[in-house]
Each structure stands twice: as C-alpha cells, then as structure tokens.
Amino acid sequence: MAVNVKESEEIGILQSNQVMLQTTHIPGNSYSCSPSTPRTTRVERLLRDRELRKINKVFSLPEVARDFNRDPELFGNDQILSDPENCGLFNEEEFLEGLVGCEKQNGQSSKQRLLVVANRLPVSAVRKGEDSWQLEISVGGLVSALLGVKEFDARWIGWAGVNVPDEIGQKALTKALAEKRCIPVFLDEEIVHQYYNGYCNNILWPLFHYLGLPQEDRLATTRSFQSQFDAYKKANQMFADVVNQHYQEGDVVWCHDYHLMFLPKCLKEYNNKMKVGWFLHTPFPSSEIHRTLPSRSELLRSVLAADLVGFHTYDYARHFVSACTRILGLEGTPEGVEDQGKLTRVAAFPIGIDSDRFIRALELPQVQEDIKELKARFAGRKVMLGVDRLDMIKGIPQKILAFEKFLEENPDWRDKVVLLQIAVPTRTDVPDYQRLTSQVHEIVGRINGRFGTLTAVPLHHLDRSLDFHALCALYAVTDVALVTSLRDGMNLVSYEFVACQASKKGVLILSEFAGAAQSLGAGAVLVNPWNITEVAASIGYALNMLADEREKRHQHNFMHVTTHTSQEWAATFVSELNDTIVEAQLRTSKIPPVLPIKAAVDRYLQSSNRLLILGFNATLTEPGDILGRRGGQIRDMELKLHPELKEPLKKLCDDPNTTIIVLSGSDRSVLDDNFGDYGIWLAAENGMFLRLTTGEWMTTMPESSTMDWVDSVKHVFEYFTERTPRSYFEHRETSLVWNYKYAVKTISDVEFGRLQARDMLQHLWTGPISNASVDVVQGSRSVEVRAVGVTKGAAIDRILGEIVHNKGMKAPIDYVLCIGHFLQKDEDIYTFFEPELPSEKPSLPRAKIPDPGRTYAPKFSNCRSASKAHLRKQRSLSILERRASNFGSVGGWRPIVHDRMSVYEGSSVLDLKGDNYFSCAVARKRSSARYLLGSSDDVVGLLKELAECSTAS
Ligand SMILES: O=P(O)(O)OC[C@H]1O[C@H](O[C@H]2O[C@H](CO)[C@@H](O)[C@H](O)[C@H]2O)[C@H](O)[C@@H](O)[C@@H]1O
Ligand SMILES: O=c1ccn([C@@H]2O[C@H](COP(=O)(O)OP(=O)(O)O)[C@@H](O)[C@H]2O)c(=O)[nH]1
C-alpha cells in the first residue's frame, strides 16, 4: 500500500553500509579514558585509555603491592583477632594488596579514589568482646572479584553482617574495619530482616533468577511486600548517608548489586555531580518477568539515576533496556536509555577473576601439600567437584540427581568416581534456603545409601566453606567440575577451576544458564541443568574424554580466564564511567538554547531582504503526542498545514522583502495541496524538486543516483507493511519511506515497530541494496531509503541559486530564519550557512561572486565551493536529461537551468552576521541548529509575530 505524502520524521540516524552496524551495537563494551583528555570520539578516548592502562601495567606495577606478595607473614590463618592490641594483619594477602597496598607514604595516593558500595563487606565481623572483633573473609563471587581490584585507591562501604546496637561495639568495629579500608553501615535486626532476608533475598533474588515471586504464601507476601520495600528504601538511604559522609570531590562511587538499586537515586539527590555507577552481579531477567514486580517502575527509575549501569552479559543489558522502554516508555538507544535528553549508559562488563592469584597459589608449599593429600585420598577414582553457595539458583539437587542417574546407568563407574560437593550455607534465615538444605541432605543420604560401600561413598557433601588455599588444591585435583546453575549472573567458580587446571586439564560441565557460558562455552561441555538425562550423559562424556580434546577445550578457556581478569573488569568499568561523564558534558554543551523570539522578531524588522526556510512536517502542522496521536485519536494520515497558520503565512508571502521556501521530504503533490495558493517556493523530496507556486516544477539530481534499487526495496517494504498493522510506505520519486508512526497505539506497539524496523534493516542490508548507492536513514518511527548524498543541506545550495536568479535580487539577503523538525541527516541545512557567519577570530574578507558570466555560485561567497558546485550542476543536468525517462510520474517538471545566474555581480549575496541568522530545530532535544523550539505551536506563535511586522506589496 503506498500512501501519499508525509515526510519521514523525528530523530534520524544516518546509516550507511558501515554505520548500519550501529544498530546491532552491543551497549558499551568499550574501554575508557582519563576525563581530562576529551578526544574526538568516545571510542577513541576509550581505546587510548586502555592502551595507557596496558603501559602502566608493564612499567609501574606498584612496588608496594609486589612487596605484599612476597611477605611470608601475610600467608597464614583464616581469621585474625582485631582488637586494640592486635589490629594490623589480615590473612588474605590479596585483600591487603588490593585495598591497603595502594596507600602511599604520606597517606596520599595518585590513584583514582573509588568508593565501592556493596551490601556485604569483604569481611564479616564476629564479636569477641565488648570492644574486640574477629574479621572473617566473606564468601561469594562479588567479594572474590573485588578483592582482585588493585588499580584504585579504594574504600569499601557495606554491612559487616552483624547487628551492633551499642556505641562501644560500633566504635571498635569501625576502627578495626578502617584498618582494612572498610567502612561499616550499621543496620539493625529489623531492617536486616525486612530488607536483606525479605526484599533482597525473598523477592528480588528469586525474581531475577526466573524463580518468580513467592507463590505458596502469596497473600502473606503481598501483605508484607510494602513494609519490606519500605525497609529496602530505608536501608539504601542509610548506605547513601555513609557514602555521603566519606565522599570527596572527584571520587567514583561504584554501587553493587540488587541490594542497592535505590542507591543511585539517593546519591544523586545529595549531589548531582557525583560520578555514580551501578553494576548488577545477578542476571537481569526478561522484562516480562520484571513486569510482575510491584515496585518495578520505581526501581528502574532509581537505577537510571546512575551515570553508567553495567551487567555481566549483553543479554542482561538488553533485558534492562527493554524493561525501561516497555515499562517506563523511555527511549532505548544503542548507548543506553534516554529520558528527557538525559542518557544513562547501559553496557555489558563481564567480570573475571584474579587468575594470577590462583596460579601463584598452586606453587605454595601448603597448597602442594594439600594436593598431595587429596590425590592419595582419592587414588584410583576420578574426582568430580561442585562448589556452590547452598542456593536454589545453583541447581544442587539437579546436579546430584544427574550424578545418581549416571551411577544408575553406569555400574562400572560406581567405585571409580567420587563427587565432592562444597555447599556453603548462605542466607540461612530465609525459609526457602532452609527447605533447600533439608532437601539436599535427603537426596545425598539416598544416593550414598544406594551406591556407597562400607569403606567408601560416591558423594561427599560438605555444608561449609573452604579457605582459599584448600579450594585451590581441590580445583587442581579435579577431573570434572560440575556447574549446574539454573540461572547464575556469571559463576566465578567455573573461572577459578579453569585457572587451577594448567596441569590436569580437566573438563568443565557448565550450565548454559550461567553468564559464564557465554565466555567459557567454547571449552566447556554445556548442559541444560533441568535435563537430568543430558547432564548424566555429559558426566559420562566428560569422564571418558580423550586427552587431546581435553587439552584443546582447556586451552580455549584458560586463555579467556587469564586475559579477562577482575582488574581489567574494574578498570574498564571505572574508566567507562569517567568517560560517560565526559560524554554527558559534551552532550549538554550541544543542547542549544531556546530561540530568543524577541531578538528574531526585532532583527526581522530591521532587515530588508529576508529568507525564511521552513520545514513542513511537525513544523507547520499541528503537534501530536509522543505516539503520533492528536486529541486521543490516531490522527489523519494526510499532512495538513496548521489551520492557525493560513493567515500569517499569507501575510508573510505577500511581503516583497520576504522570500519563503517550504523545504520538505514530502512529495510534490503534498506541497501543492497545502501551499498551492500562496506565493511561495516549494522544495519537495528534500529539495530534489523546486518550484515557485506561480511556475513549474524543476529538478536536479545528484549524478551518482540511479533508481534501479527501487523495486527491491519496495518488495521489502511491502513485506513489512503487511506484517505491521497501520504501517505504510510512501513511494516518492526519489526515495521510499516506510513509516510506522501510526502503527503505535501503545508502548508495546512502539517496541514492536522498532523490532520490525530493525529486522527490515537487516533485510535491506544483507539483501537487495547491499551494493546500491543509497543512504538508509532511520527515523524514530521510519526507515527511508534515498539515493546517496541527498540531503536538505545539499539541496539548499541549488535552491538558493535559483531563487536569487529568479527574483533578480538587488540587495544581499540580510536575514535568514531556518526552522524545521529535520532528520539528523538533513540537519546539514543548519550548518550550511555557518561558514558565512563571522567567526570569533578575525575573518578574511568575504568572498564575492567571481565571474558574472558563469553559472551561479550556490554558496555565493565561497569561490572554492562555487566552482565545485558549478561542476556538480553540470553533472546533475546531464544526469537529469539522461534519466528523465526513469521516473514514472515526472511529467510537468523541467530541470533547473544554471547559466542564468549571477545577478549580483561583484557582491556577496548573503550579508549574515551572527545576530541575523537564526537556525532552529523544532521538537528536538539536541541539534546542530543554534536554537530550539518546543513544538509547531511555538512556530505558529513566531510566524504570527513576524507576520505582524510584515508589509504587503
Ligand atoms: O552476600 P550473600 O547474600 O551471602 O551472597 C553472596 C553473593 O552472591 C551473589 O553473587 C553474584 O556475584 C558473582 C560475581 O559477580 C557472580 O559470579 C554470581 O553469579 C552472582 O550470583 C550476589 O550477587 C552478591 O551480591 C552476594 O554477595
Ligand atoms: O568454600 C568456598 C566456596 C566458595 N568460595 C568462593 O565463593 C565464590 C563464589 O562465586 P560465584 O560467582 O561462583 O557464585 P556466588 O556465590 O557469588 O553466587 C568464588 O569466588 C569461590 O572461590 C569460597 O571462597 N569458599
């Protein structure tokens, strides 16, 4: 269906063959720069910053950190008493290296100050007396990963995992933690119950892992939901208070995880200049899941207050952006989420581990000793290993059921394999976790009962955590690691296993639902943990795998794990956050001010030869709402001149000192219908056709244009039009436009339209026009294919020449108002006149039209451009003549003839100074125009005022 009229509209993104790749651009994933050195593009800045980091790593690894590594005193016990007499040492050498080791002698550090804010501190505190505390390393991927971060002057703000109601206890703990650069947030028991056990671990955690909202006690949950959410917000505010107390200007504040989704908002309310990043360690589920959460919008909005939002995988980032577009109705862009011109960058930053730490640990005598012991203990048996917090998401029951099935089906293996399952107790106050513990114990008992002997059991299940060195030894002796998470943000255990397997080259069986499957999928045996039969078969496959295959698989993964480290992860996130701020400043500086109406009117009055260049769609038409509706109705498909403009436009056209051009993407008939009765210049199809309403249509076409792509594009457009209700396409003479602005009744229609547009672009670029000389221009609700090089800016060059000639102008144009709602590609019209304007620097004498006898100089005052344009004209003409027969409905138009020009010999045709040139974008948030106006209603107001000042001929 080809519908007449209408110009492509709204924010346009030019896509050439190369640029098209932007549509599938993965948000973020780039590397950043120092904020003080803004470069031309973000990617340039990020790449340079990455290079700098590499150089720094090679040449300036902090000596202090190296010394800590060598210090034998630092390797030792798991726990250390921290009291007034003994508060110095902590056994996790890497912890010291990372968080303490960056301090310089005078207490100052040259490193970027970083405030890490997470629910859990890297240490949990156990009270040993009124004012003495024991600190234990906390278990979990978040802690493991952040301990590996060494490049920053970091402080960690969080909850120490304990209730400290008294002042003496709080003071002593604060002091003990300060030694480790940790700052406590004191949460009382009730808050912990409602916020941590309740809202975080009973609601958000299961929901984000696709386990849904609690079902059995739905009513009770619904009742307690509000109080839990209130406690959640209160706890987040308490974290914000502590951050605020310790914040210094220039600090980067990095908020972590689902516990603190409210924090970015609280922080920005304190200080809008704070650099705030937020990273989610869990999956972010499909928007269909997030949609079920009662507080869905509030949480999204709070996160969006951050400058940068990060996820482990592209999928999670995509889900988040789509939740923001579907639930909040915001604009999702390749960069992130945009709300009223404010961009929150959204990107994927896959976490890693400090692989060197694991590799080094294997050399330690104590670890070697453990390895020896383990080998002896399990001699003659293959060792399989599972290491998980005892959490529903880890799929522990599924794992051991698959192991049971494997033993059932493979009796020969029963006394030749052992599964060691480390199940670290976690969130033990939450009922679901308590139920899981009993369930797992029951299955373990059954399996050992069935397949155990008097001297050996096939399954060793430990309800406890191991220290770092014991864990390394275990990883090293393992033949097959089994990770069967039902969902897992990343899963660092799989990384750690790979890091410790340099000599054994064991097999990793990995759930396809763990984020790690996207990075270690090449070397792992991927399984669906819900498919017990498949997992059991994979166990057999892994145990029987030949050395060659094991070696190859291991190499893939080892390479990944050793090159994608936690240091690199953190450095990338922080530098991208810094760069996001630079980018935001650049963006803000590009937001033009509102058009100063009074000045525009005053200058109009003072001038004697004015030129008004007006767009049509959304400039001279009535405004609609964001979904293209007017007054609640889907608006009429025809573009109509705003009724209030009829009078003023007439008056303006009648003024002999004013020339008006309507420059539109619409085709000629639309402009004829709307403006045929005015004495006005009409430039249709982005200036490809031109006429004064008293004369005929004429045209020029760029030389390179051929229209042989039309049929193929039409075919694609028809296909999508049939499948997108209320979408339509226009077959203009020089372009094709597919539009879905009327296909949108609801926010999800918008989303559907966008998906269709994305699909359509794929079809266009991989199929019919992949080799054609066309530009694909994407509007916010349209896709347009035009001959390459066609823009309004390019057209104005030709149009002006024709007008100057036609009018026989005797005085230079001393007022230009160029106003429209143009696609980004067509914004070159605003910059067209800029070279005519005096710059800040002393300008060269303005050029004159050089040769009166020659063809006109479209840019009038620029000799170089004049001769270039001259050549272009000559080419265009011959093309037009050649091609006239290619256009179906070209009857009645004539080509512009160019050798009649140059009426204004020896003088400049434009007399523009800064204050008599007004370029203005309508209903845009950013533009290369000098000014902005909110809607076409404002244009009406302005034109009415100008009309008041006009005199009839
Ligand atoms: O602090 P807890 O409630 O005891 O829980 C421990 C941590 O569990 C989660 O870890 C996640 O982060 C890992 C690193 O990014 C990732 O590999 C894993 O897939 C996630 O489950 C949680 O997100 C952390 O906040 C907890 O501290
Ligand atoms: O006994 C144990 C078991 C696990 N871990 C650590 O806990 C983290 C678990 O992280 P993962 O990303 O696999 O899952 P999470 O528990 O964070 O969901 C890993 O770094 C393990 O080394 C540990 O220190 N001791």
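Attention here is on the structure that accompanies the text. Residues take numbers from 1 onward in each chain, read along the sequence in its written order. To label them, take the chains in the order written and letter them from A, then take the ligands in the order written and number them from 1. Totals for whole chains, interfaces and linings use every residue, but because this is a predicted model, local features are given only for residues with pLDDT of at least 70 and side-chain atom pairs only at 80 or more, for both listing and counting. Side-chain calculation: all heavy atoms of the structure are included, whereas hydrogens and water are not.

### Observations regarding the site of ligand 1
To be near a molecule or strand, a residue needs just one of its heavy atoms within 4 Å of it. Near ligand 1, the surroundings consist of 21 residues, among which Arg120, Tyr196, Asp257, His281 and Asp488 are the closest. Measuring from an oxygen atom of ligand 1, one finds a side-chain N or O atom of histidine 312 at 3.0 Å. N or O atoms closer than or at 3.5 Å make up a polar contact, with two conditions inside protein: a donor-capable atom paired with an acceptor-capable one, and, for residues adjacent in sequence, both atoms drawn from side chains. The separation between an oxygen atom of ligand 1 and a polar main-chain atom of glycine 489 is 3.1 Å. Surface burial for ligand 1 is 96%, taken as the share of its 560 Å² of free accessible area covered by protein chains. Broken down by secondary-structure element, the contributors of at least two residues to the shell around ligand 1 are α4 (141–147) and α6 (189–208). Tallied by class, the residues present in the shell around ligand 1 amount to eight nonpolar, eight polar and five charged. No fewer than three residues from each of domain 1 (113–348) and domain 2 (355–570) sit in the shell around ligand 1. Computed with a 1.4 Å probe, the accessible areas rest on the Shrake-Rupley method; for each residue, only the protein chains presented here act as cover. Helix and strand labels come from DSSP, where a helix needs a run of H or I of at least four residues and a strand needs a run of E of at least two; each type is numbered from the N terminus. By the convention adopted, Pro, Cys, Tyr, Trp, Phe, Met, Ile, Leu, Val and Ala count as nonpolar, Lys, Arg, Asp and Glu as charged, and the other residues, Gly among them, as polar. The source of the domain bounds is an automatic or database domain assignment.

### Thoughts on the pattern of salt bridges
One speaks of a salt bridge when a side-chain nitrogen belonging to Lys or Arg is within 4 Å of a carboxyl oxygen belonging to Asp or Glu. Enumeration over the complete set of coordinates arrives at 39 salt bridges. Aspartate 315 serves as the salt-bridge partner of arginine 318, at 3.2 Å between the closest nitrogen and oxygen. With arginine 318 and aspartate 315 both in helix α11 (residues 314–328), this residue pair falls three residues apart, about one helical turn. On the basis of relative accessibility, which here comes to 39%, the residue arginine 318 falls in the partly exposed class. Ionic pairing is found between aspartate 602 and lysine 598, a salt bridge with its closest N-O pair at 2.9 Å. On the criterion of helical spacing, the pair formed by aspartate 602 and lysine 598 is a turn pair, its members being four residues apart in helix α22 (residues 597–606). In this scheme, a residue with accessible area under 20% of its type's maximum is buried, one over 50% is exposed, and one in between is partly exposed, where area comes from a 1.4 Å probe on protein chains only.

### So, the site of ligand 2
Close to ligand 2 lie 16 residues, the nearest being Gly141, Ser144, Arg389, Leu466 and Glu496. Here an oxygen atom of ligand 2 and a side-chain polar atom of lysine 394 are 2.9 Å apart. Within the backbone of valine 493, one N or O atom sits 3.2 Å away from an oxygen atom of ligand 2. Here ligand 2 has 540 Å² of accessible area as a free molecule, and 88% of this is covered by the chains. Secondary structure elements with two or more residues in the shell around ligand 2: α4, β14 (382–389), β15 (417–424) and α17 (492–499).

### Observations concerning the packing of aromatic side chains
Each aromatic pair joins two rings of Phe, Tyr and Trp (for Trp, the six-membered one) with centres within 6.5 Å, and gets the label stacked for planes under 30 degrees apart, edge-to-face for over 60, and tilted for any other angle. All chains considered together, the criterion is met by 34 aromatic pairs. When the centroid spacing of 4.8 Å and the interplanar angle of 50° are considered together, the rings of tyrosine 199 and tyrosine 232 count as tilted. Of this pair, tyrosine 199 sits in helix α6 while tyrosine 232 sits in helix α7 (residues 218–246), and the two are 33 residues apart along the sequence. Taken as a pair, tyrosine 199 and tyrosine 232 share a single burial class, namely buried. Here the aromatic cluster, defined as three or more aromatic residues joined through ring pairs, consists of Tyr195, Tyr199, Phe225, Phe229, Tyr232, Phe239 and Phe262. Counted as over-ring charges are cases with an Arg CZ or a Lys NZ within 6 Å of the ring centre that also lie within 35 degrees of the ring normal. Its guanidinium or amino end placed over the ring of phenylalanine 358, arginine 357 lies 6.0 Å from that ring's centre, counting from NZ or CZ. Over the ring of tryptophan 205 we find arginine 427; its NZ or CZ atom is 4.0 Å from the centre of that ring.

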